[in-house]
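Chains, contacts and geometry: an overview
The chain contents come next:
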Amino acid sequence: MRPTAFGGKQLRAFDRSWPGLTAAPAKPPRPLGGIASDALVRHLYVHLPFCAHRCGYCDFVTVVGRRGQHAGYVDGLLAELELERELLAPELETVFLGGGTPTFTEPRELERLLAALPAAAEVTVEANPETVTPALAELLRRNRVNRVSLGAQSFQPELLGVLDRVAGPDDVRAGVENLRDAGFDNISLDLIYGIPGQRPSDLAADIGEALGLRPEHLSCYELEAKPGTRFTHAHGEELRRQAEAMEGYFECVVEMLIGAGYRWYETANFCRAVGGRDLRSRHNLAYWRGRDYLGLGIGAVSTVRGQRWRTTPRLGPYLAALREGRRPLRELELLPDSVRREERVMLGLRLDEPLPFAAVAASVDAEALARLERLGLAQRVSLGEGEPPAAPGALTLTPQGRLLGDAVTADLLA
Amino acid sequence: MDLERIRNFSIIAHIDHGKSTLADRILELTKTVSGREMRAQVLDTMELERERGITIKAQAVRVNWKGNELNLIDTPGHVDFTYEVSRSLQACEGAVLVVDAAQGVEAQTVANAYLAIENNLEIVPVVNKIDLPQADPDAAAAELAELVGGKPEDVLRISAKTGEGVADVLDAIVERIPPPSGLVSAAAPPRALVFDSSYDQYRGVVAFVRMVDGAFAAGEPLRAMAQGTRFEAEEVGFFSPTMKAAETLGAGEVGYVITGLKDVSRLRVGDTLTSERNPAAEPLPGYKDVKPMVFAGLFPTDSDDYPDLRDALERLKLNDAALFYEPETSQALGFGFRCGFLGLLHMEIVRERLEREFDLDLLVTAPNVAYRVLERSGEWLEVHNPAEMPRELDAVEEPYVRASIIVPKDYVGPVMELNNDRRGRFDHMEYLSPERVLLAYELPLAEIVLDYYDQLKSRTRGYASFDYDVAGFREGALARVDILIGEEPVDALSMIVHRDAAYSRGKALVERLRKEIPRQYFDVAVQAAIGSRVIARETVKAKRKDVLAKCYGGDISRKRKLLEKQKAGKRRMKQVGAVEVPQEAFLAVLNLNDGSKK
């Protein structure tokens, strides 16, 4: 989904001191060796930061309003795409437009962008329900978008109010309907739990409402209130109460969705498991499987051949650089093999598919693994074909282990 | 010097009653220190020593007053070390007892006055700070006269700050305090009392001595009679106030001997020095081996600092023969030292010096007292650590103290209540004045080591003053309470408590631990047990969720950093069986009372 997560603090640090910022590499990065990298990148993320307003809990890189700048920003994205084009494979697997509110972008500019982006097997756009008119659904459809992720968050009007969301429950239903009418057969809904004022029965009702819309995919997140934000300040006491209820919420989500026939394929992601289609998000799977990805736009993160960079989150400097044909400033991070292995474990164990053990064995504490196996939290499983049963080649977490995934990962990597 | 013209005296006072200021004024008035050199509190020289790069304590200063040689022997600043005070007093014939005109007699004043009387010292009572607006010199003088058995009009009234009356104090020292007695003859076998010592990194152990008989000369071979340590007097001399070498140190005089010894433990305070060539037959009375009574484990917060802690203790020990330490290994806290102290203040000072002067971060376990245990085999065993207390035993004895508490009469009730809670035995009560009462109790030392003083202060709104000295061992109905975390006994949390309190203390501790121990993958039982009998039990419920919901391409680095933090947190945990326990939990027992009050 969104490879952009700048908390307010990080943003300021970025602006003031530019730690680790470098002028962008003139040449495409070389592989660091060790862990295999993709020769060419097959996953593209495009960040569209514009929003009608900023929701209280949001910590993404967003820009409110500025309709006058949408055209210039799309120019910037396309210029950046040209600069990085040589990193991309001729055929992409996935393209993902995240935000912000991508569907808040001026329709003409959104269409111009979609038309100019490379084709891909899965093209996802994030949308806020109230923006999904029949016309917008049509626009997306005719520009090869085949998956829409709708930020429903909740179906309780009061809770949506707490989150500053514009859409009401009816907007969500209407949005889904408009997408269906336009022919979309891969719709994802986002739900948030742990909202100040939420009761366990509210969550069950939200899940029930969501299931009623028969989405192909569901993402369910706990509300992450960043310390120091106005939202956290305003709801401090209630957030603490919600934090205590969080484990109950999480169990409720998992139980209800599995009960409804969904596959719990990633910690917070579920897909319909009927009809033989693989409805997992291919784009997000790429992140969790440690594949390379290129991110375009302000605050976007890329990971290519052992390097990770984050483009400046500031709109002005971003556009200025691209107007001059330069790469915008980036914060660069080198990922040595040990780090990449750790990330493989950290991300791979979020999935329900087994993680091949050989590639990460050097980073896994064998004693901790044995202990976690005894506790019924982790297990070694067979990779299949011709493998001796005594030495199963893959690692996976049990359902209980997945609920405790961060602690288990910390133990395994200790 | 003619013995008739020598006076040896100490100044004893409750803390902040003006001992140091009076000492300063005496140095100034006797021109021992010129006005230019005069700095506030010359005798409290720790800072000064460091500035000058030497480590000599000016513990005994020689001043001249109207043709007399007066030796002012400083008692340690931390005067509740009864033993340290008493050995300083043994070097004197008299003491100036100072009381604050606004505060009156305090518990420490009483304890010190009794010590002085026990040592047959002539007491010069002085009421200080008469210049203060809230001073009540008449009331203070009446209390003081009552205490030392004199007349209020004999009590001197001074202000050390302004200098008013200080000359009278010097005159009174000459008039009232008797000169030293001893064998002056050069042929007499010399005997000198070591009343303190210090360590200088270049010159070794410096002994502070009071010559009783005969004389020492520089270069003379000497012997410490109790310990048998032999050395040569590299230099003898006196303080005025810095070290001044002299050819000899004669009977009745106070001064120093530079021994060249490299280890203070070879020269114990209280020992008698004599000449190798002309040895005395009998040592002076007064030597007693100091026994630490309060013990605690000291562990470096960072286990890498263990060697630094060892070096620091070694260096402290050079100047502090009463400090005891031995290596201790705790399954929970790692490598450290079990240290023995004379009392609570001693423990505080050692800890503070380790942290301040040696820059160490320490984890100090709950203090406990020394126990004497009669084992089934019939052997008596001294136990310094609750974890070493045998589970099978016939009898246990614990140290008791004689405590004096002085409070305004309105607070007698609350103090008696506190003392009853703490298994105190009432001894007697005395009215020092119509307003102030002295309560004398016998209390188990174990009942005062944790938070007695804080409780006393809070129940008397800060008015109580308190002092104690150890009275000896008594049998007690004591039980060893063990704490088990996930079925594993935890040595660092064992405690020895009175049987009547075992249940409530055990319960309070397991409740506290339940809050301190983070939730694990499984339920963790926290139990308190006496032997195999569980007396309290709590459960730390297993956690059901520990994973961040959202993690996409832009979250990975941040997520990885959070993971690093989580890993670092785990590394700081101590492993008890399969359970991860934070270090702070091991200190839970220290704060038990805070916790149960709220």
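Reading the values: the criteria
Residues numbered from 1 in each chain as written. Chains lettered and ligands numbered in written order. Predicted model: local features only at pLDDT ≥ 70, side-chain atom pairs only at ≥ 80, totals over all residues. Helix = DSSP H or I, 4+ residues; strand = E, 2+ residues; numbered from the N terminus. Buried ≥ 20, exposed ≤ 12 C-beta atoms within 10 Å, placed from the backbone. Contact = placed C-beta atoms within 7 Å. Nonpolar A, V, L, I, M, F, W, Y, C, P; charged D, E, K, R; others polar. Axes fitted to C-alpha atoms, helices over the stretch in contact; angles between N-to-C directions. Parallel < 35°, antiparallel > 145°, perpendicular 65-115°, else oblique. Left-handed = near helix turned anticlockwise from the far one by under 90°. pLDDT = per-residue confidence, 0-100. Core = buried A, V, L, I, M, F, W, Y, C linked by C-beta atoms within 7 Å. Pairing = 2+ DSSP bridges. Expected span 1.5 Å × (residues − 1). Arc of directions from axis to C-beta.

1. Examining the overall build of chain B
For chain B, the count of helices and strands is 14 helices and 34 strands. Looking at the 598 residues of chain B, the share that counts as buried comes to 46%. Nonlocal contacts in chain B, meaning residues at least 24 apart in sequence, comprise 70% of its contacts between residues at least 6 apart.

2. Quick word on the overall build of chain A
Helix and strand counts for chain A come out as 14 helices and 18 strands. In chain A, the proportion of contacts linking residues at least 24 apart, taken out of those at least 6 apart, comes to 72%.

3. Describing the interface of chain B and chain A
Listed per partner, the contact involves 24 residues of chain B and 39 residues of chain A. For the side of chain B that touches chain A, the per-class residue count stands at 9 nonpolar, 4 polar and 11 charged.

4. Quick word on the packing of helix H2 (residues 70–84) of chain A against helix H10 (residues 315–323) of chain A
Residues and elements named next belong to chain A. The N-to-C vectors of H2 and H10 enclose an angle of 55 degrees; their axes lie 9 Å apart at closest approach. Taken together, H2 and H10 sit at an angle that is classed as oblique. Seen along the crossing, H2 lies across H10 with a hand that is left-handed. From H2, Gly72, Tyr73, Gly76, Ala79 and Glu80 reach across to H10, where they touch Tyr318, Leu319 and Leu322. Of the residues assigned to the contact of H2 with H10, the class counts are 5 nonpolar, 2 polar and 1 charged.

5. Some remarks on the confidence of the model for chain B
Residue and element names in this part refer to chain B. Across chain B, the average pLDDT comes to 85, with 91% of residues at or above 70. Across residues 43–58 the pLDDT falls below 50, and counting only partners more than four positions away or on other chains, this stretch makes 24 contacts in the model. Note that residues 594–598 has pLDDT below 50 and, in this model, 3 contacts with residues that lie over four places away or in other chains. The ipTM assigned to the predicted complex is 0.86, against a pTM of 0.68.

6. A look at the nonpolar core
The biggest cluster of nonpolar side chains holds 160 residues, and the ones touching the most others in it are B:Leu97 and B:Ile405. Non-local contacts of B:Ile405, meaning those with residues more than four positions away in its chain, are made with B:Ala107, B:Val415, B:Leu439, B:Tyr441, B:Leu456, B:Ala464 and B:Phe466.

7. Points about unusual backbone geometry
With omega at 20 degrees, the peptide bond leading from A:Gly99 into A:Gly100 counts as cis. Here A:Gly100 is to be found in the loop between strand S5 (92–99) and helix H3 (107–116).

8. Brief notes about the sheet that holds strand S17 (residues 378–381) of chain A
All names here are of chain A. Reading across the sheet, the 3 strands line up as S16-S18-S17 and stay open at both edges, with antiparallel pairing between neighbours. Both outer strands of the open sheet, strand S16 (355–356) and S17, are each paired with one neighbouring strand and no more. Direction of pairing for S16 relative to strand S18 (residues 394–397): antiparallel, over a ladder of 2 bridges. Looking at S18, one finds that leucine 355 is bridged to leucine 395.

9. Describing the environment of A:His217
Tracing the sequence through the fold places A:His217 in strand S9 (residues 217–222). On a C-alpha basis, the gap between A:His217 and A:Ala273 in space is 9.6 Å, while along the polypeptide they are 56 residues apart.

10. Points about the sheet that holds strand S6 (residues 120–127) of chain A
Residue and element names in this part refer to chain A. Reading across from one edge, S10-S11-S9-S8-S7-S6-S5-S2-S12 is the order of the 9 strands in this open sheet, with mixed pairing throughout. Each edge of the open sheet carries a strand with a single partner, namely strand S10 (262–266) and strand S12 (294–296). Within the sheet, the average angular offset between the axes of one strand and its neighbour, ignoring direction, is 20 degrees. As judged from the 3 bridges shared by strand S2 (residues 43–48) and S12, these two strands associate in the parallel manner. Residue valine 46 lies in a different strand from S12, and its bridge partner there is leucine 296. On the sheet, helix H7 (residues 200–212) packs against strand S7 (147–153), strand S8 (187–193) and S9 and is oriented at approximately 175 degrees with respect to S8.

11. Some words on the pairing of S10(A)
Residue and element names in this part refer to chain A. Counting buried positions along S10 yields 4 of 5 residues, so the element is predominantly enclosed. Pairing geometry for S10 and strand S11 (residues 269–272), over 4 bridges, is antiparallel. Bridged to arginine 263 within S11 is cysteine 271. Where S10 folds back on S11, the antiparallel hairpin that results is connected by 2 residues.

12. Examining the packing of helix H14 (residues 405–413) of chain A against helix H13 (residues 556–572) of chain B
Relative placement of two packed helices is described by the angle separating their axes and the distance separating the axes. Where H14(A) meets H13(B), the closest approach of the two axes is 9 Å, and the angle between their N-to-C directions is 70 degrees. Classified by the interaxial angle, the pair formed by H14(A) and H13(B) is roughly perpendicular. Note on packing geometry: the crossing formed by H14(A) with H13(B) is right-handed. On H13(B), the residues touching A:Asp406, A:Thr409, A:Ala410 and A:Leu413 of H14(A) are B:Leu563, B:Gln566, B:Lys567 and B:Lys570.

13. Some points on the environment of A:Glu177
All names here are of chain A. By the secondary structure assignment, glutamate 177 is in helix H6 (residues 169–181). For glutamate 177, a count of 14 C-beta atoms within 10 Å gives the class partly exposed. Sequence spacing of glutamate 177 and threonine 133 is 44 residues, and the spatial spacing of their C-alpha atoms is 9.6 Å.

14. Concerning the confidence of the model for chain A
For chain A, per-residue confidence averages 88 on the pLDDT scale, and residues scoring 70 or more make up 89% of the total. Note on residues 1–34 of chain A: pLDDT under 50 across the span, and 67 contacts to partners over four residues away in sequence or across chains.

15. Observations regarding helix H8 (residues 344–357) of chain B
Residue and element names in this part refer to chain B. A rise of 1.5 Å per residue sets the reference length of H8, with its 14 residues, at 20 Å; its end C-alpha atoms lie 19 Å apart and thus fit the reference within 8%. Within H8 the residues assigned to the buried category are His346, Met347, Val350 and Leu354. Within H8, the buried residues cover an arc of 105 degrees as seen down the axis, which keeps them to one side. The outward face of H8, more than 90 degrees from its buried face, is lined by the exposed residues Glu352 and Arg356.

16. Some points on the pairing of S18(A)
All names here are of chain A. Because side chains alternate across S18, one face comprises the buried residues Leu395 and Leu397, and the other comprises Ala394 and Thr396, none of which is buried. Here S17 runs beside S18; their pairing, made up of 4 bridges, is antiparallel. What sits directly across from alanine 378, in S18, is leucine 397.

17. Some remarks on the environment of A:Ala205
With respect to the helices and strands, A:Ala205 occurs in helix H7. Residue classification places A:Ala205 among the partly exposed positions, given that 14 C-beta atoms sit within 10 Å.

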